[in-house]
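# A closer look at the structure
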Amino acid sequence: MTFASIVFAVLFYGATAVLLIGVGLRVARYARTPAPLKIPTTPAPTSRGGVIGRMASEVVFFHSLFKANKWIWILAWVFHVALLLVLLRHLRYFIDPVWEWVVLIQPFGVYAGFAMLAGLIGLWIRRIFVQRIRYISAPSDHLMLGLLIAIAASGLAMKYLWHVDVTAVKVFFVGLMRFEIHPLPTEPLLLLHLALVVALMIVFPFSKLLHAPGVFFSPTRNQADNPREQRHTSWAARVEHTGAAAAPANRGGPVPNARSED
């Protein structure tokens, strides 16, 4: 067991905890946040089934982005689909034996790495050279794109330029799944790639990348356009109504937490 093996084992355990707990807390916060108004983006479905179909279209095909800008849609859709294939391809490092469908997608996952990199570079060029996008871009936007590009580029470099012992890498990660620490290859490019992945896992719950689960809680997408069929009482109105209903109980006595101005 090497020093690098211990360090990266601790880093991945810590980063996984931050990722799971951070995303879980954010999702719980999204779920508790009230939707005070009926604000679905029209034209909108009027039934729950229609909302499910709309959300599926938005999540899978980026329907609203397609209508807004075709070039950005191409770059974003290519990147997200390629990212999904790359992540699925990497399952082979965490399962033993490897599932048959994971074996079948291995060649597609390699090509998806190039597509992912191309999509990210295109999105970054847009943020740099399109004036209105550059104006609203924060440093964190560039940081996230740079981090993702570095991860993709270092992964492809290990595939085609600087080969590493992938069998030993798999033994290391399968061992982590079983709470065992095995030797990790110490090639600099591999350690850089893994360090970048750890950094991404840690910043994910605190960055704009959290739009992945956040899209499901967007009231402009997850609400049905049915104000005529079903009464919608706003959150503010419900709070006001609750306060008004409680007022008679305090009639004739002091108001709790009231502060005298005398």
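What comes next is a walk through the structure. Note on numbering: residues in each chain are counted from 1, in written sequence order. Totals for whole chains, interfaces and linings use all residues, but because this is a predicted model, local features are given only for residues with pLDDT of at least 70 and pairs of side-chain atoms are given and counted only at 80 or more. Heavy atoms from the whole structure form the basis of all side-chain values; hydrogens and water molecules are not counted.

## A few points about the packing of aromatic side chains
Geometry of aromatic contacts follows a simple scheme: Phe, Tyr and Trp rings, the Trp one being its six-membered ring, pair when their centres are within 6.5 Å, and the pair is stacked under 30 degrees between planes, edge-to-face over 60, tilted otherwise. Per the counting criterion, the structure on display carries 9 aromatic pairs. Aromatic pair W73 and W77: ring centres 5.8 Å apart, planes at 20°, arrangement stacked. Taken together, the residues span about one helical turn, with W73 and W77 both in helix α4 (residues 70-89) at a distance of 4 residues. Exposure remark for W77: the relative accessible area of 27% places this residue in the partly exposed category. Ring centres of F94 and F173 lie 5.3 Å apart, and the angle between their planes is 55°; on these two criteria the pair is classed as tilted. Linking F94 in the loop between α4 and α5 (100-104) with F173 in helix α9 (residues 166-177), this pair joins segments that are 79 residues apart in sequence. By the ring-pair criterion, three or more aromatic residues cluster together here, those being F12, F94, F172 and F173. Here the basic side chain of K70 rests over the ring of F66, its NZ or CZ set 4.6 Å away from the ring centre. Numbering of helices and strands runs from the N terminus; a helix is a DSSP stretch of H or I covering at least four residues, while a strand is a stretch of E covering at least two. Each residue's exposure class comes from its accessible area (1.4 Å probe, protein chains only) as a fraction of the maximum for that residue type: buried when under 20%, exposed when over 50%, partly exposed otherwise. Throughout this description, the term charge over a ring refers to an Arg CZ or Lys NZ atom that lies within 6 Å of the ring centre and within 35 degrees of the ring normal.

## Observations regarding unusual backbone geometry
Residue P43 is bonded to the preceding T42 through a cis peptide linkage, with omega at -5°. For P43, the position within the fold is in the loop between α1 (3-32) and α2 (48-61). Cis geometry marks the peptide bond from D96 to P97, where omega comes out at 5°. The topology assignment puts P97 in the loop between α4 and α5. Positive phi outside glycine occurs at F62, with the angle close to 55°.

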